[in-house]
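Given next are the chains, with one letter for each unit.
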Amino acid sequence: MLAENNIGLEANPEYWNTVLGALLQGRIPLVRALLKQHSASDNSTFRMVDQILRAMPIFNGASGTPINEFNMQWRHWTMDVHSKIDAKLFSSEKNLDLMTRLIVGEEQAWIEIQDYCEVWYAYLAGWLFFTEPTIKSFELGQFAKRSINKLRMNNHLKQLDKVLLAAMDFDIFQVIKEIQNMYDNGWFVSHLTDLLYHCGRLVDLEKEVPDFSAEKLRESFILDYGTSLMGHKSLWQVGLTYLDHCPNDGLQIIELLLPRIHMDTEAKAQKVLREAKNRELTHVVQSVCKVQGMLSMRRGRLGNALSWALKSQDGPFTSFLADKYLQDYIKSGRLGSTDLLDNLGSGMLVSDRLIFLGKYYEFHKLYQNGEYREAAALLISLLASKIIPKYFWYVLLIESIPLLESADMVFSSNDTFTIMHCLEEKKDLPELNDKIEILRLAAARNLSRALTFEAQINE
């Protein structure tokens, strides 16, 4: 209305409703601005109302005005308005007459404008602004009940009404209880309780209420809300931040809920893993990695499964997957996921079986690259170790045959004795039945070559 900047705004059907609404909200400058756009704003009645509103005392605690001094100014101003009303100075304009009777708190006037107040607290705010401008906070409750009675809303209170009424009575427990009943999710009650805790209001109650713990009340609401978020497919990380702020039980709840998140993609599993590592939840890390590793293994992605096992640092699971690698090699004759095996590094120390797999892959690579002497040295070191799986002995012994028969001698006499010793220990292996004689012959030939060569060197 004001943007139009036209005289004669009273032609708008909402004009007087707007003026009275602004008055009930205590927006005095707005009321004056609207009245000046009335076509009769220049007559004496309108000018008098404007003068009354301009002279209205407004209490401002920051100005340093004592309350007693303000109350005296307020009484003088109210008496002046009363005298003008009694003199029938506003009777010619019924809306202005109603306004002046409202600002002096006339009971009948406030009954007349009840229809302008959709809710009791709108009525309360206007009533207090014009009748009790210096009300004390502890008096709010009784005035709130009075407003509800006047509007006959006792039997029609909604949940928000109950919350506000409890707040005006400074009944913190009732406020929290009503808010719980008000919303299905715990966002509001959790944050309000948290604010009350941090500003010390809940801690103050510990002195008044026996067996009450402000910290436990706060944490219980945050735990409930954080737990509900953990069940959401996209907000579970937000839930974690809430549970992180529960010093007593938050970490234990995270440890229980984190592995139960539905990890439908590896990217989501990586996020869960990162959150578990950030909180040093080793058990959760191993659990997630094992589940993902088993899923990858069932899908035939053995390299990916081993990668998950390495992340978990789970020795038994890593050994299990290393066995699968070696058994697949026995069946197919080739090692898969060579990029992963190439970059095991210190990760192979997780288990003996993985160490063996890594060393065997290194032997395999040396042999394929024609570095027979280095391959032979590594083979002897493996045969002399105690980490060879029982099912893999015959593979190593058979793979020594080409090296024993190599044109260039790559095994010393001692190396050959080691092979022969292992051969005699494992001669009962059924897989060696058709290779035992070939192995013995190759070992004997190499031993002869080695002894001859070593004797010549010694001479």
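First, a word on scope: everything that follows refers to the structure included in this document.

Calculation rules
Residues numbered from 1 in each chain as written. Predicted model: local features only at pLDDT ≥ 70, side-chain atom pairs only at ≥ 80, totals over all residues. Heavy atoms only, no water. Helix = DSSP H or I, 4+ residues; strand = E, 2+ residues; numbered from the N terminus. Rg over C-alpha atoms; globule rule 2.2 N^0.38 Å. Buried < 20%, exposed > 50% of the residue type's maximum accessible area, 1.4 Å probe, protein only. Contact = heavy atoms within 4.5 Å. Areas by Shrake-Rupley, 256 points an atom, 1.4 Å probe, with all protein chains shown as cover. Polar contact = N/O pair within 3.5 Å; in protein donor to acceptor, adjacent residues only side chain to side chain. Salt bridge = Lys/Arg side-chain N within 4 Å of Asp/Glu carboxyl O. Phe/Tyr/Trp six-rings, centres within 6.5 Å; stacked < 30°, edge-to-face > 60°. Lys NZ or Arg CZ within 6 Å of the ring centre and 35° of its normal. Core = buried A, V, L, I, M, F, W, Y, C linked by side-chain atoms within 4.5 Å. Patch = residues over 30% accessible without salt bridge, like charges linked within 9 Å, V, L, I, M, F, W, Y side chains within 5 Å. Lys, Arg positive; Asp, Glu negative; His and termini not counted. Charge placed at Lys NZ, Arg CZ, Asp CG, Glu CD. Axes fitted to C-alpha atoms, helices over the stretch in contact; angles between N-to-C directions. Parallel < 35°, antiparallel > 145°, perpendicular 65-115°, else oblique. Left-handed = near helix turned anticlockwise from the far one by under 90°. Nonpolar A, V, L, I, M, F, W, Y, C, P; charged D, E, K, R; others polar.

This brings us to the overall build of the protein chain. Each helix and strand counted, the protein chain has 26 helices and zero strands in total. For the protein chain, the C-alpha radius of gyration of 44 Å lies well beyond 23 Å, the compact-globule estimate for 459 residues. Seen along its three principal axes, the alpha-carbon backbone of the protein chain occupies a region of about 140 × 60 × 40 Å. Expressed as a percentage of its 459 residues, the buried residues of the protein chain come to 43%. Counted over contacts in the protein chain with a minimum sequence separation of 6, partners at least 24 positions apart contribute 57%. Accessible surface computed for the protein chain: about 25300 Å², of which carbon and sulfur atoms make up 51%.

Glancing now at the side chain of histidine 38. Its location among the elements puts histidine 38 in the loop between α2 (28-35) and α3 (44-55). At 2.9 Å, the side chain of histidine 38 forms a polar contact with the backbone nitrogen of alanine 40. In contact with histidine 38, not counting residues within four places along its chain, are Ile7, Gly8, Glu10, Tyr15, Trp16 and Phe46.

Once that is clear, we can look at the pattern of salt bridges. Here the structure, examined in full by the defined rule, presents 18 salt bridges. Between glutamate 424 and lysine 427 there is a salt bridge, with its nearest N and O atoms 3.9 Å apart. Assessed through its relative accessible area of 39%, glutamate 424 is described here as partly exposed. We classify lysine 427 as partly exposed; its relative accessible area is 38%. Between arginine 440 and glutamate 437 there is a salt bridge whose closest N-O contact spans 3.4 Å. Linking arginine 440 with glutamate 437, this pair stays in helix α26 (residues 436-458), spanning three residues, or about one helical turn. For glutamate 437, a relative accessible area of 52% gives the class exposed. Taken together, the shared-partner salt bridges in this structure form one network comprising Asp97, Arg101, Glu106 and Glu112.

A word on the packing of aromatic side chains. In total, this model carries 20 aromatic pairs according to the counting rule given. With a centroid separation of 6.2 Å and 20° between ring planes, the pair formed by phenylalanine 356 and tyrosine 360 is classed as stacked. Of this pair, phenylalanine 356 and tyrosine 360 both sit in helix α21 (residues 352-368), four residues apart, which is roughly one turn of the helix. Taking relative accessible area as the criterion, tyrosine 360 reaches 0% and is therefore assigned buried. Three or more aromatic residues link up through ring pairs in this structure, and these residues are Tyr329, Phe356, Tyr360, Phe363, Tyr367, Tyr372, Tyr391 and Phe392. Between lysine 150 and the ring centre of tryptophan 127, over which it is positioned, the NZ or CZ distance is 4.0 Å.

The subject of this paragraph is helix α8 (residues 140-150). All of the buried residues in α8 are Gly141, Phe143, Ala144, Ser147, Ile148 and Lys150. Positive backbone phi, approximately 55°, marks arginine 152, located one or two places after α8.

Once that is clear, we can look at unusual backbone geometry. For phenylalanine 170, which is not glycine, the phi dihedral falls at a positive 60°. Among the structural elements, phenylalanine 170 can be located in the loop between α9 (159-168) and α10 (172-182). The partly exposed category is assigned to phenylalanine 170, whose relative accessible area is 43%. Backbone geometry at glutamate 280 places phi at a positive 55°, although glycine is not the residue there.

Another point: the nonpolar core. Membership of the largest hydrophobic core comes to 51 residues, with the highest contact counts inside it found for Leu357, Tyr360, Leu383, Phe392, Leu396 and Phe411. Breaking this core down by element, the ones donating at least two residues are α18 (302-312), α19 (315-332), α21, α22 (372-384), α23 (393-399), α24 (401-404), α25 (413-425) and α26. When sequence neighbours within four positions are dropped, the list of residues in contact with tyrosine 360 reads Tyr329, Leu335, Leu382, Phe392, Val395, Leu396 and Glu399. Among the nonpolar cores identified, the runner-up in size contains 48 residues, and Val19, Met48, Trp74 and Cys117 belong to it.

Attention now goes to a negative patch on the surface. On the surface, a cluster of negative charge is contributed by Asp204, Glu206, Glu208 and Glu215. Judged by relative accessible area, which is 36%, glutamate 206 ranks as partly exposed.

This next bit is on the packing of helix α16 (residues 266-278) against helix α17 (residues 282-298). Where α16 contacts α17, the axes come no closer than 9 Å and their chain directions differ by 160°. Judged by the inter-axis angle, α16 sits roughly antiparallel to α17. Along this stretch, α16 crosses α17, giving a crossing that reads as left-handed. Between α16 and α17, the contacting residues are Glu266, Ala269, Val272, Leu273, Ala276 and Lys277 on the first element and Val284, Val285, Val288, Cys289, Gln292 and Ser296 on the second. Split into classes, the residues belonging to the contact of α16 with α17 amount to eight nonpolar, two polar and two charged.

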